[in-house]
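Here is what each chain is made of, one letter per residue.
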Amino acid sequence: MKYLNPLLYWFAAVCLLFSSVGFAAKADPDWNAFVKKYGRYAEKKLKNKGIPGAALSIVNTKNRDYIHTMGLTKVPNGKKVNAHTRFRLASVSKTFAGSLAAQLAAEGLLKLDSPISEYIPDFKNTNYKNNLKVFHILSHSSGLVPNAYDNLIESPMSYPDIVQQLLNVEPICKPGRCYGYQNVMFSLINEVILKSTDRSYTSWLTDTIFSPLKMADASLGYDAMVKDRNYALPHVRGKKRWYSTKLKKNYYKVGPAAGINASASDMAIWLKAQLGQYPDVLSLDALAIQTRPYTLTKKERHRRVWKKYLEDTFYGLGWRIYNYADEILYYHSGWVQGYRSDLVVFPHLNVGFSLIINAETGAINELTTEFINRLLEYKRGQKI
């Protein structure tokens, strides 16, 4: 019986997704006023906190995209952030890895229940043997202690050498039994995809996601981030103000987990893909696969800002799956030195939200929560 609730939850999510995609609705005449009001609110909040720059993307399949950019790429003397300014997405990158893996699985090019040892033979000689599956690494249910060897990502050690260290770590539970958020382990999907398809993760991402979706600013890696001057530099907080800092390469080592760069324009497109608007690129089967609740994430129910709203919390393939005040939503956040990012998809409401900031500010938690609550109140006509 313990598996009944997740299965019902997945079934409900799939039904909502398919019904929302197939629904041809008229434009909402009040929507533009709603999002512009929120945009003014967000800009005021960020300005009051002295945040250097940010880019907001809100999509509604019934209406035109809303993109609102704020501030500068650098303080002082930076350029104005625009719709094509690149930001680091940090862990929001995981949503791309999860979607790509789900699409490859839907096409029969990748088997999510195959042992990792089929692709990385060294795992056969560990405690995992053949029990660690592809879906385990993408759903943070490998059994490792959370954030295993993230400290080595910050070091000069190469990614392959970090993986060798990972092989010696004893799991705290069997695969699938407990949740432990990972970056190093998650990024093994790169090797899995290469061995499964004879094509690299970067190649698949570029040729089957970025290019056909016309995500013109999206890229993977440090060099692509700095290819021209239209990128937002990272900022850290000093005693009295924010200071720009050097863009670090460290977390680009774990590309699937934290290596994507994108603009507000790109994020609007990505949100629409998640809402089923580009089925030739990201099929409905893939959307269903990636949002299956693979892993129960009990601790997420105690998030300080959201705990009074969250009912069920799971992790799918690169996506968090929440029941928030009786509304199913798909979510991910990102945080790497100098950047924060949030992404929310409301499949039943045909709405998507993205906020990317070039500063390590907790204000993003308040801003995302405010949008979710305003949206639910707007749709329901009552305060949640």
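Read on for a plain summary of the structure. Note that the coordinates shown come from a computational prediction; the quantities given were computed from them, not determined experimentally.

A word on the side chain of Arg340
Okay, step 1: On the secondary structure map, Arg340 appears in strand β12 (residues 339-346).
Okay, step 2: Buried Arg340, no salt bridge; nearest opposite-charge side chain is Asp342, N-O distance 5.2 Å.
Okay, step 3: Within the local environment of Arg340, its side chain forms a polar contact with the backbone oxygen of Gly334, the two atoms lying 3.5 Å apart.
Okay, step 4: A distance of 3.4 Å separates the side chain of Arg340 from the side chain of Asn365, its partner in a polar contact.
Okay, step 5: Among residues more than four places away in sequence, those in contact with Arg340 are Gly334, Trp335, Leu355, Ile356, Ile357, Ala359, Glu360, Thr361, Gly362, Ile364 and Asn365.

Examining the sheet that holds strand β2 (residues 66-71)
Okay, step 1: On the basis of which strands lie adjacent, the open sheet formed by 8 strands has the order β2-β1-β13-β12-β11-β10-β9-β8 and antiparallel pairing. Among the strands making up the open sheet, the edge pair consists of β2 and β8 (295-296).
Okay, step 2: Pairing of strand β10 (residues 320-324) with strand β11 (residues 327-336), which is carried by 5 bridges, proceeds in the antiparallel orientation. Each bridged residue has a counterpart across the sheet, and for Asn323 the counterpart in β11 is Ile328.

Quick look at the nonpolar core
Okay, step 1: Judged by nonpolar contacts, the single largest core of 86 residues is most densely connected at Phe96, Ile189 and Trp270.
Okay, step 2: In this structure, Phe96 is in contact with Leu89, Tyr201, Leu205, Ile209, Phe210, Met215, Ile260 and Trp270, ignoring residues within four places of it in sequence.

Concerning the pairing of β11
Okay, step 1: Along β11, 8 of the 10 residues are buried, which leaves the element largely enclosed by surrounding structure.
Okay, step 2: Hairpin connection from β10 to β11: 2 residues lie between these consecutive antiparallel strands, with Ala325 at a positive phi of about 50°.
Okay, step 3: Strand direction decides the pairing type here: β11 and β12, joined by 7 bridges, are antiparallel. Paired with Tyr331 across the bridge in β12 is Val344.
Okay, step 4: The turn linking β11 back onto β12 is made up of 2 residues, and Gly338 within it adopts a positive phi angle of 90°.

Things to note about the packing of helix α2 (residues 31-48) against helix α13 (residues 363-380)
Okay, step 1: Running from N to C, α2 and α13 cross one another at 160°; their axes reach a closest spacing of 11 Å. Here α2 is positioned roughly antiparallel relative to α13, judged by the angle of their axes. As for how α2 packs across α13, the hand of that crossing is right-handed. When α2 is examined against α13, the residues Trp31, Phe34, Lys37, Tyr38, Tyr41, Ala42, Lys45 and Leu46 are found in contact with a partner set consisting of Glu366, Leu367, Thr368, Glu370, Phe371, Arg374, Leu375, Tyr378 and Lys379.
Okay, step 2: Classifying every residue of the contact of α2 with α13 by side-chain character gives 10 nonpolar, 1 polar and 6 charged.

As for the environment of Ser196
Okay, step 1: Counting through the fold element by element, Ser196 comes out in helix α7 (residues 189-197).
Okay, step 2: Note on Ser196: relative accessible area 26%, which makes it partly exposed.
Okay, step 3: Between the C-alpha atom of Ser196 and that of Glu118, which follows or precedes it by 78 residues, the distance is 9.4 Å.
Okay, step 4: Apart from the residues within four sequence positions on either side, Ser196 is in contact with Leu109, Leu110 and Tyr119.

As for the sheet that holds strand β3 (residues 87-88)
Okay, step 1: Ordered in space as β3-β7-β4, the 3 strands form an open sheet in which the pairing is antiparallel. Of all the strands in the sheet, the pair left with one neighbour each is β3 and β4 (219-220).

As for the layout of surface pockets
Okay, step 1: In this structure, the second largest pocket spans a volume of roughly 210 Å³.
Okay, step 2: The element best represented in the lining of the second largest pocket is helix α6 (residues 159-166), accounting for 4 residues.

Describing unusual backbone geometry
Okay, step 1: That bond from Val75 to Pro76 is cis: its omega, -5°, falls within 30 degrees of zero.
Okay, step 2: Tracing the backbone shows Pro76 in the loop between β2 and β3.
Okay, step 3: Even without a glycine there, the phi angle at Asp198 is positive, about 65°.
Okay, step 4: As for its placement among the helices and strands, Asp198 is situated in the loop between α7 and α8 (201-213).

Observations concerning α7
Okay, step 1: For α7, the set of buried residues is Ile189, Val192, Ile193 and Thr197. End-on view of α7: buried residues confined to an arc of 100°, all on one side of the axis.
Okay, step 2: Downstream of α7 by one or two residues, Asp198 has phi in the positive range, about 65°.

Rules behind the numbers
- Residues numbered from 1 in each chain as written.
- Predicted model: local features only at pLDDT ≥ 70, side-chain atom pairs only at ≥ 80, totals over all residues.
- Heavy atoms only, no water.
- Helix = DSSP H or I, 4+ residues; strand = E, 2+ residues; numbered from the N terminus.
- Buried < 20%, exposed > 50% of the residue type's maximum accessible area, 1.4 Å probe, protein only.
- Lys, Arg positive; Asp, Glu negative; His and termini not counted.
- Salt bridge = Lys/Arg side-chain N within 4 Å of Asp/Glu carboxyl O.
- Polar contact = N/O pair within 3.5 Å; in protein donor to acceptor, adjacent residues only side chain to side chain.
- Contact = heavy atoms within 4.5 Å.
- Pairing = 2+ DSSP bridges.
- Core = buried A, V, L, I, M, F, W, Y, C linked by side-chain atoms within 4.5 Å.
- Axes fitted to C-alpha atoms, helices over the stretch in contact; angles between N-to-C directions.
- Parallel < 35°, antiparallel > 145°, perpendicular 65-115°, else oblique.
- Left-handed = near helix turned anticlockwise from the far one by under 90°.
- Nonpolar A, V, L, I, M, F, W, Y, C, P; charged D, E, K, R; others polar.
- 1 Å grid on protein atoms, 1.4 Å probe; cavity = no way out; pocket = protein on both sides within 12 Å on 5 of 7 lines; lining within 4 Å.
- Points joined across faces, edges and corners; volume = space filled by probe spheres on them.
- Arc of directions from axis to C-beta.

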